[in-house]
Amino acid sequence: VQLVESGGGLVQPGGSLRLSCAASGFTFSNYYMRWYRQAPGKERELVAGITSAGDTTDYADSVKGRFTISRDNAKNTVYLQMNSLKPEDTAVYYCTVRRLGVRKWGQGTQVTVSS
């Protein structure tokens, strides 16, 4: 199982970023996918999740209305569109899948929101 995140960077408050997570080594279309984030000195927190078919999504209260999770099963990729970014969104963002009772993580991508 391999998960590779990309798309992070430095953005001003109010700006947007789109994160991508390319998956391989498993049947991507069969699995629920999640994005987590971890800010310096804080625990990792769930940001968003999406069902295998992409028909149901769930979000942390802190990002509802600003972030959108989506997936393209033909490309084995899950996305996180982040709009109206705030300094408190600064964190390393990870995609993850739980497969055969084990949660797998990507290496993460840094998002920094600062003027």
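Structure: see above.
Here's what I pulled together on the structure shown here.

Reading the values: the criteria
- Along each chain, residues carry numbers from 1 onward, in the same order as the chain's sequence is written.
- Given that the model is predicted, a residue must reach a pLDDT of at least 70 before its local features are reported, and side-chain atom pairs must reach 80 or more before they are shown or counted; all residues, however, enter totals for whole chains, interfaces and linings.
- With hydrogens and water stripped out, all remaining heavy atoms of the structure feed into the side-chain values.
- Disulfides are defined as cysteine sulfur pairs within 2.5 Å.
- Only DSSP runs of H or I covering at least 4 residues are called helices, and only runs of E covering at least 2 are called strands; the numbering of each starts at the N terminus.
- Take the buried residues of types Ala, Val, Leu, Ile, Met, Phe, Trp, Tyr and Cys, join any two whose side-chain atoms come within 4.5 Å, and each joined set is a nonpolar core.
- Only protein chains enter the accessibility calculation, which uses a 1.4 Å probe; a residue whose area is less than 20% of its type maximum is buried, one above 50% is exposed, and one in between is partly exposed.
- By the convention used here, residues are in contact when the closest approach between their heavy atoms is within 4.5 Å.
- Each reported salt bridge corresponds to a side-chain nitrogen of Lys or Arg within 4 Å of a carboxyl oxygen of Asp or Glu.

Some thoughts on the state of the cysteines
- The full count for this structure, using the stated rule, is one disulfide.
- Between cysteine 21 and cysteine 95 runs a disulfide, and the two sulfur atoms are separated by 1.8 Å. Sign of the S-S torsion, about 45° for the bond between cysteine 21 and cysteine 95, identifies this disulfide as right-handed. Of this pair, cysteine 21 sits in strand E3 (residues 17-24) while cysteine 95 sits in strand E9 (residues 91-99), and the two are 74 residues apart along the sequence.

Considering the nonpolar core
- Counting 30 residues, the largest nonpolar core has Trp35, Val78, Leu80, Met82 and Tyr93 as its most contacted members.
- Counting only elements with at least two residues in this core, the list comes to E3, strand E4 (33-38), strand E5 (45-50), strand E7 (67-72), strand E8 (77-82), E9 and strand E11 (109-113).
- Every residue in contact with methionine 82, bar those within four places of it in the chain, is listed here: Gly15, Ser16, Leu17, Leu19, Arg66, Phe67, Tyr93 and Val111.

With respect to the pattern of salt bridges
- On inspection of all chains with the given rule, the structure shows four salt bridges.
- As a salt-bridge pair, arginine 37 and glutamate 45 come within 2.6 Å of each other at their nearest N and O atoms.
- Between lysine 64 and aspartate 61 there is a salt bridge whose closest N-O contact spans 3.2 Å.
- Where salt bridges share partners, they join Arg37, Glu45, Arg66 and Asp89 into one cluster.

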